[in-house]
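As a plain string of letters, each chain reads:
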Amino acid sequence: CKSVTEEDLIFDREYYPYGTKNGRIYFRGVRSSHMFYKPGEGDSSEGRTGSWLIESYKDKDIRMILPPKDSKKYPFGRFKWKIGSGISICQQTPGQLMSLTMSSCPAETFTCNSGECIPLANKCNSKIDCADESD
């Protein structure tokens, strides 16, 4: 995928908590998008049936969708997000899956697939440091 300037980005690279929406934490992007949980039919705190969405502020059809099976918790870690109908990204078309990593890890750390943070020096050090063995 070609590199783009910050002004050309459809979705933000950084999000911060900004209250709640639909009973879950709501994340605002720093420029052009937001991330929130959209409840599904019969959704409750005991049984989540909805999906996390990353959505453009400019056009609600431009979105990425985390499937319900991965949306039961918060979207931290590495997941396959579905490209919404309003956009193609990096030559991938609507409906295809794209791997995205959402991380709360600080700089100089590696985000395991599970969202766990380990020191960057521990990645690929011939020793398993991530509980999910993704390092």
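The text that follows walks through the structure, step by step, so that each part is easy to find. Predicted model only: the values in this text are computed from it and were never measured. (Residues numbered from 1 in each chain as written. Predicted model: local features only at pLDDT ≥ 70, side-chain atom pairs only at ≥ 80, totals over all residues. Heavy atoms only, no water.)

With that settled, the discussion passes to the pairing of strand E2 (residues 24-29). As paired elements, strand E1 (residues 15-21) and E2 share five bridges and run antiparallel to each other. What sits directly across from Pro17, in E2, is Phe27. Remark: two residues form the turn of the hairpin made by E1 and E2, two consecutive strands paired antiparallel; Asn22 in that turn has positive phi of roughly 55°. Pairing of E2 with strand E3 (residues 33-38), which is carried by two bridges, proceeds in the antiparallel orientation. (Pairing = 2+ DSSP bridges. Helix = DSSP H or I, 4+ residues; strand = E, 2+ residues; numbered from the N terminus.)

This part covers the packing of aromatic side chains. In total, this model carries six aromatic pairs according to the counting rule given. Through successive ring pairs, a cluster of aromatic residues spans Phe27, Tyr37, Trp52, Tyr74 and Phe76. Positioned above the aromatic ring of Phe36, the side-chain terminus of Lys21 is 4.1 Å from the ring centre. The side chain of Arg24 reaches across the aromatic face of Tyr74, ending 4.7 Å from its centre. (Phe/Tyr/Trp six-rings, centres within 6.5 Å; stacked < 30°, edge-to-face > 60°. Lys NZ or Arg CZ within 6 Å of the ring centre and 35° of its normal.)

Our next topic: the state of the cysteines. Throughout the structure, instances matching the rule amount to two disulfides. Here Cys105 connects covalently by a disulfide to Cys117, the sulfurs 2.0 Å from one another. Looking down the S-S bond of the Cys105 and Cys117 bridge, the torsion is -95°, so its handedness is left-handed. Taken together, the residues Cys105 in the loop between strand E7 (97-102) and strand E8 (109-111) and Cys117 in strand E9 (residues 117-119) connect sequence positions twelve residues apart. On the basis of relative accessibility, which here comes to 15%, the residue Cys105 falls in the buried class. Cys117 sits in the partly exposed class, given a relative accessible area of 34%. With a sulfur-sulfur separation of 2.0 Å, Cys112 is cross-linked through a disulfide to Cys130. Between Cys112 and Cys130 the sulfur-sulfur dihedral comes to about -75°; the bridge is accordingly left-handed. Of this pair, Cys112 sits in the loop between E8 and E9 while Cys130 sits in the segment after E9, and the two are 18 residues apart along the sequence. Each member of the pair, Cys112 as well as Cys130, carries the same accessibility label: buried. Sulfur of Cys124: no disulfide; nearest cysteine sulfur belongs to Cys130 and is 9.4 Å away. Accessibility expressed as a relative area gives 57% for Cys124, which makes it exposed. (Disulfide = S-S within 2.5 Å. Buried < 20%, exposed > 50% of the residue type's maximum accessible area, 1.4 Å probe, protein only.)

Judged from the four bridges that link them, strand E4 (residues 51-56) and strand E5 (residues 63-66) form a sheet pairing that is antiparallel. From the neighbouring strand, Ile54 faces E5, where its bridge partner is Met64. What sits between E4 and E5 in their antiparallel hairpin is a turn of six residues. By the bridge criterion, two bridges tie E5 to strand E6 (residues 77-83) in an arrangement that is antiparallel. The partner of Ile65 across the bridge, within E6, is Lys82.

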